[in-house]
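Residue-level listing of the chains:
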Amino acid sequence: MKVLFIDIDTLRPDHMGCYGYPRNTTPHMDKVAADGLRFDQYYCSDAPCLPSRAALVSGRFGIHNGAVGHSGTNADRRLTGRPRGFSDQADNFNFHTLFRRAGMFTASISTFPERHSSWWFNAGFNETYNVGGRGGESGEEILPVALEWLERHSGRPDWFLHLHLWDPHTPYRAPESFGNPFVREPLCTFVDEEVLQQHLRHVGPHCLNEFNMYDDQEYPQYPRYPGRASDMAGLRKILDGYDCGIAYADSIVGQILDELRRRGEYEETAIFITSDHGENMGEFGIYGEHATADHPTCHIPMIVKWPGGPRGAADGGLHYSLDLVPTMAELLGLPCWEKWDGQSFASALTGGEAAGRPFLVLSQMAHVCQRSVRMDDWLYIRTYHDGYHLFDREMLFNLREDPYEQRDVKEAYPDVVNRLAHVLLNWVDEQMLRSDAASDPLWEVMKEGGPSHTRGFLPAYLRRLEATGRAEGAQELRRRHPDAL
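No experiment lies behind these values; they were computed from the predicted model shown. Residue indices follow the written sequence of each chain, beginning from 1 at its first position. Given that this is a predicted model, residues contribute local features only at a pLDDT of at least 70 and side-chain atom pairs are listed and counted only at 80 or more, while totals for whole chains, interfaces and linings are drawn from all residues. With hydrogens and water stripped out, all remaining heavy atoms of the structure feed into the side-chain values.

**Here we look at helix α1 (residues 27–34)**
Alright, step 1. Relative accessibility thresholds used throughout: buried, under 20% of the residue-type maximum; exposed, over 50%; partly exposed, between the two (1.4 Å probe, protein chains only). Labels follow the DSSP assignment, with helices taken as runs of H or I lasting at least four residues and strands as runs of E lasting at least two, numbered in each case from the N terminus. Within the sequence span of α1, burial applies to Met29, Asp30, Val32 and Ala33. Here the buried residues of α1 occupy an arc of 155° about the axis, which is enough to place them on one side.
Alright, step 2. Those residues of α1 that are buried are in contact with β1 (2–8), β2 (37–43), α9 (232–262), β7 (269–274) and β10 (302–305). Note that the arc is defined by the directions from the helix axis to the C-beta atoms. Here, residues are in contact when the closest pair of their heavy atoms is within 4.5 Å.

Structure (structure tokens):
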């Protein structure tokens, strides 16, 4: 069996044609969706990049594996400790090792392990390829490595290849020669002139005034990446930069798929297309960042072309990305590990049967400290550290009526708030009972100074807010975060 796992960083589904996006960003990936199964409610349990892949690879929530941030203690996976064998059970039962245990030759083309010092990601691979960009490379550096790998392994009957592309991630790095296929197309956004003016007063990193997180610095080597945006033309540059990154990644994917077709291997190859997380593109006034435990950050694409499986179908059930580990174990005829948190959806891949969950709990501890509950039409968010965005402690959104999270309706639905807060409380209690550790990593992050991307930035950011007409926001941040000054 051949398996191609395409991992495209920072790809939100609603910017893909097969998920309904009007711009033609993903024609090649759309064809795979037409040949397979599209999952419409697929989420990373823990965001952003490092925590998401830690959860996927381990099959365990961040509250269990411990890797929930981008710096500090909780940027590392928890040590197994005394139960550890000659080799670590967490590595012996990870996602990639499943394919090795099934007798397949495994390889990864990715710079993720070096970018985040997350070398556990490589466990289970026979070969790993690192082009050396630490996540700053674009697809033209990955493509020749992938094509050469397929050439060398064309006669091998069983392989698993993990292919990682960064192009939609900031800073937008699609080559200038790619051009801008969307320059004359309408903006596909909920942001109009009125909303834009509101966002120009926003307080918090990665907003229109500080697209470069806490400042408006630009980089000559990334001409698609603006430092700030003050009008609709500036907003277009942001959105076009993101969509060009997606379209360029799709063009790379297309060339790899064409090579499989040329070799007559496309039909027999199982193909997965997914992402580590999505992206805020105006939600909460945040642009070009995966900064929250909400729908745009945690909702990710999942397209599966499984030989003999459903074609041109869609699954509407709620799933975590970590559910893929027990799913593949079942499909490959391997036993499950009792430490996995995932729930198999193999029946959806083989027979189109529903296998979703009743609710999901989503977590973010790198840019903010938040946990949320995704259930029915609702998204309930509880904030422990606001990441300097001045979020309320609790927020509630009806995603069916308000998919871009513009109207917090907690005052109108106190019963829903109470019900979902209760769901969250029970979930934390249940997970801590199953945990090998005595503490919740959320509180470890808080005690080390808060989310990774807030530490040390507040004093300079307050001065910038005051210099750009947002002194009231600076005053409120001082009140909320005196320990960060």
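Having seen the model, we can carry on.
**Looking at the sheet that holds β7**
Alright, step 1. One open sheet accounts for 8 strands, arranged β5-β4-β6-β1-β7-β10-β2-β11; its pairing is mixed. At either end of the open sheet lies a strand with only one pairing partner, and these are β5 (127–129) and β11 (313–320). Going from strand to strand, the sheet's axes swing by 15° on average, the running direction of each strand aside.
Alright, step 2. Of the pairings in the sheet, the one linking β1 to strand β6 (residues 159–165) comprises 7 bridges and is parallel in character. Residue pairing in the sheet places leucine 4 in a bridge with leucine 161 of β6.
Alright, step 3. Sheet strands in contact with helix α7 (residues 139–152) are β4 (105–109), β5 and β6, and its direction is about 170° off that of β6. Two strands make a pair as long as DSSP finds a minimum of two bridges between them. The convention used is that axes are lines fitted to C-alpha atoms, helices contributing only their stretch in contact, and that angles between N-to-C directions extend from 0 to 180 degrees.

**Points about the environment of aspartate 216**
Alright, step 1. Turning to its location among the elements, aspartate 216 is positioned in the loop between α8 (193–199) and α9.
Alright, step 2. Here the alpha-carbon distance between aspartate 216 and glycine 342, two residues 126 residues apart in the chain, equals 41 Å.
Alright, step 3. In the analysis that follows, any N or O atom pair within 3.5 Å is treated as a polar contact, provided that within protein one partner can donate a hydrogen and the other can accept it, and provided that, for residues neighboring in sequence, both atoms belong to side chains. Among the polar contacts made by the side chain of aspartate 216, one reaches the side chain of arginine 464 at a distance of 3.4 Å.

**Regarding the packing of helix α15 (residues 458–467) against helix α16 (residues 471–480)**
Alright, step 1. The geometry of α15 relative to α16 is characterised by a closest axis approach of 7 Å and an angle of 155° between their N-to-C directions. Between α15 and α16, the crossing angle belongs to the class labelled roughly antiparallel. Taken as a pair, α15 and α16 cross one another with a handedness that is left-handed. Of α16, the residues touching α15 (which contributes Leu458, Tyr461, Leu462, Leu465 and Glu466) are Ala471, Gly473, Ala474, Leu477 and Arg478. When an angle is under 35 degrees it counts as roughly parallel; over 145 it counts as roughly antiparallel; between 65 and 115 it counts as roughly perpendicular; any other value is oblique. With the far helix as reference, a near helix turned anticlockwise by less than a right angle produces a left-handed crossing, and one turned clockwise produces a right-handed crossing.

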